Amino acid sequence: MEKWSLMTITVLLALTVRWAVSLGSYSGAGKPPMYGDYEAQRHWQEITYNLPIRQWYFNTSDNNLLYWGLDYPPLTAYHSFVCAYIAKLINPDWVALHTSRGHESQPHKLFMRATVFVADLLVYIPAVILYCYSLKETSAKKKASTWCVSGALCILLYPGLILIDHGHFQYPLSLGLALWAVLCLSHDWDLLGSVAFCLALNYKQMELYHSLPFFCYLLGKCFKKGLKGKGLVLLTKLAGTVLLSFAACWLPFGTDVDQIMQVLRRLFPIDRGLFEACMFSSPHPLPCPDKVANIWCSLSVLIKIKNVISPRTQLKLSFAVTFLSLLPACIKLTVQPSLRGFKFALVACALAFFLFSFQVHEKSVLLVSVPVCLLINEIPFMATWFLLVSTFSLLPLLLKDGLLLAYAVTTPAFLAVCLASFSILEKTSAEDLQLKAFSHSLKGYVSWFKSFPRIVRSLFLVSLSLMGVLSVLSAAVPPPPSLPDLFPLAVSIVSCSHFLLFFVYFNIVLLWDSKNRGQKKMS
């Protein structure tokens, strides 16, 4: 009973923080003609409610694709339709065709914010709570109970997701569904987990970041059971489940090949080029001022990739580098499938996509951060560090949206909660960071690990100081006229440098994980 009371308080605190952030500004507020993501979501409600399904993804006189044309999979469109139906009952002006464009009012803002709250309450928050309850340590029940509440508190107070969902404006449904999929797999409900992940993928195509770990883990599980017996049966069931799930989601579009191809073209606009994921959909698009903390944006400071490499070559280059960076984790997970390895592979693969893939948006870092949240009980120090850096990498976008105060309050608060819950500064040994197997493999260099905790703590404090200084400079100091993007670029490069080191770290932990330890299940 006490544990449930503490969890209730945790959820209420998380909701209070979300409510406080939602009181502030949102993406594109009062900035015509394109406004921002808030208007994009409202416009999709307008389109899906007033137009027949066959016109949702096509450019017509009633659906100008250059003005926030629908570019997410069918489940996003269906969700927009449901929200629009409710909006129509409250105030038809909110979704009136053409005349509602750029609509901004306090009642409508309250409605839109409420739809995000409902999505959080119905999908994301329950998944987090049940995930934390599903983690049982081998130690005393009291300790397990403490972790359950502390873990849920840290995950639910992760500022990056709160600031983007309830500040900038975004729905947490795809990430919530992906969490449900992880939860199902942790209980060996593989078919339900497959359905949940298919729903996540059909809500946002960016869930492809997580697709290979799901595929490799389940395929490895089939191999382990034997492809001439139970493994073949499981593989057949999984294939049928995936096909039926996709068929159900795409049913309204499945009768027309042109419809399917047009939806796919909208989902994967490869002609935009390597850097154009964050361009406004306008007749004369300009590069978005937000700098993505991945390798391509960082390299472009030294090498103008857009000027020396054609768009098609950019696509091939990013595909090759991404594929090679994914390969070690995928092979390891397929050969030695384990739930622990699966969670680390989710992080490693998502981070590889974020760093090296084509058309990455700065918000895509959340696809890495949520799996990192799932590891906060195993590697609290590194998980906290990564989550702080991921939030910092969003700073240029948050400043543009007027969310500086929310960022300045939620980020230190999150750090304080992690310090209090897990004493992270005391968990920096090679064993605490899951690097013991790696340290043994170095043989002659093992002695260097004696000072490892002190070195790691020092790097962490230097990192925090650097992020703090850049945050203050970005918010308070005007950049030189000749270098207007100086601070966003600095944030991007610093964040990218961190992410590259984290990428190496997560792969080391996964690849050096012993077979016996790797087979431990998340109970």
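These numbers were taken from a predicted model, which means no experiment stands behind them. (Residues numbered from 1 in each chain as written. Predicted model: local features only at pLDDT ≥ 70, side-chain atom pairs only at ≥ 80, totals over all residues. Heavy atoms only, no water.)

Observations concerning empty space enclosed by the protein
Selection criterion: Both cavities and pockets are sets of points on a 1 Å grid over the protein atoms alone; in a cavity a 1.4 Å probe fits but cannot get out, in a pocket the set is open with protein on both sides within 12 Å along at least five of seven lines, and lining residues sit with an atom within 4 Å of a point. Grid points are joined across faces, edges and corners, and a volume is the space filled by probe spheres set on the points. Strands are runs of DSSP state E lasting at least 2 residues, helices are runs of H or I lasting at least 4, and numbering of each runs from the N terminus. Any residue outside Ala, Val, Leu, Ile, Met, Phe, Trp, Tyr, Cys, Pro, Asp, Glu, Lys and Arg is labelled polar, Gly included; the first ten of those are nonpolar and the last four are charged. Source of the domain bounds: an automatic or database domain assignment.
Tallied over the entire structure, the rule returns three cavities of 30 Å³ or more. Lining the largest cavity are L175, A178, L179, V182, H210, F214, L346, V370, P371 and L374. Examining the composition of the lining of the largest cavity, we find that four residues originate from one element, helix α7 (residues 173-186), more than from any other. A class-by-class count of the residues in the lining of the largest cavity yields nine nonpolar, one polar and no charged. Inspection of the lining of the largest cavity shows a minimum of three residues originating in each of domain 1 (1-268) and domain 2 (284-516).

Description of the nonpolar core
Just so we agree on the cut-off: What we call a nonpolar core is a set of buried Ala, Val, Leu, Ile, Met, Phe, Trp, Tyr and Cys residues that are connected through their side-chain atoms within 4.5 Å. Type-normalised accessible area, obtained with a 1.4 Å probe on protein chains alone, sets the label of each residue: buried when under 20%, exposed when over 50%, and partly exposed for intermediate values. Contacts are assigned to residue pairs with any non-hydrogen atoms lying within 4.5 Å of each other.
Formed by 127 residues in total, the largest nonpolar core has its most connected members in F499 and F506. Counting residues per element, this core draws most heavily on helix α15 (residues 339-356), at 15 residues. Formed jointly, this core draws a minimum of three residues from each of two domains, domain 1 (1-268) and domain 2 (284-516). Setting aside anything within four residues of it in sequence, one finds F506 in contact with F344, V347, V372, L375, I379 and F386. Grouped together as the second largest cluster of nonpolar side chains are 38 residues, Y38, A84, A119 and V263 included.

Observations regarding the state of the cysteines
Applicable threshold: We call a pair of cysteine sulfur atoms a disulfide when they lie within 2.5 Å.
Under the definition given, this model contains zero disulfides. Note on C184: no disulfide assigned, nearest cysteine sulfur contributed by C198 at a separation of 12 Å. Exposure remark for C184: the relative accessible area of 9% places this residue in the buried category. Cysteine C216 is unpaired, with the sulfur of C330 as its nearest cysteine sulfur at 4.0 Å. By relative accessible area, C216 is classed as buried at 6%.

What to know about the pattern of salt bridges
Put simply, the rule is: Should a side-chain nitrogen of Lys or Arg be within 4 Å of a carboxyl oxygen of Asp or Glu, the pair is scored as a salt bridge.
For the structure shown, the criterion picks out nine salt bridges. Where K363 meets D37, a salt bridge forms, and the shortest distance between an N and an O atom there is 2.4 Å. One end of the pair, K363, is in the loop between α15 and α16 (366-373); the other, D37, is in helix α2 (residues 37-50), with 326 residues separating them in the sequence. Each member of the pair, K363 as well as D37, carries the same accessibility label: buried. Look at the salt bridges and you will find they share partners, linking R340, K343, E378 and D513 into a network.

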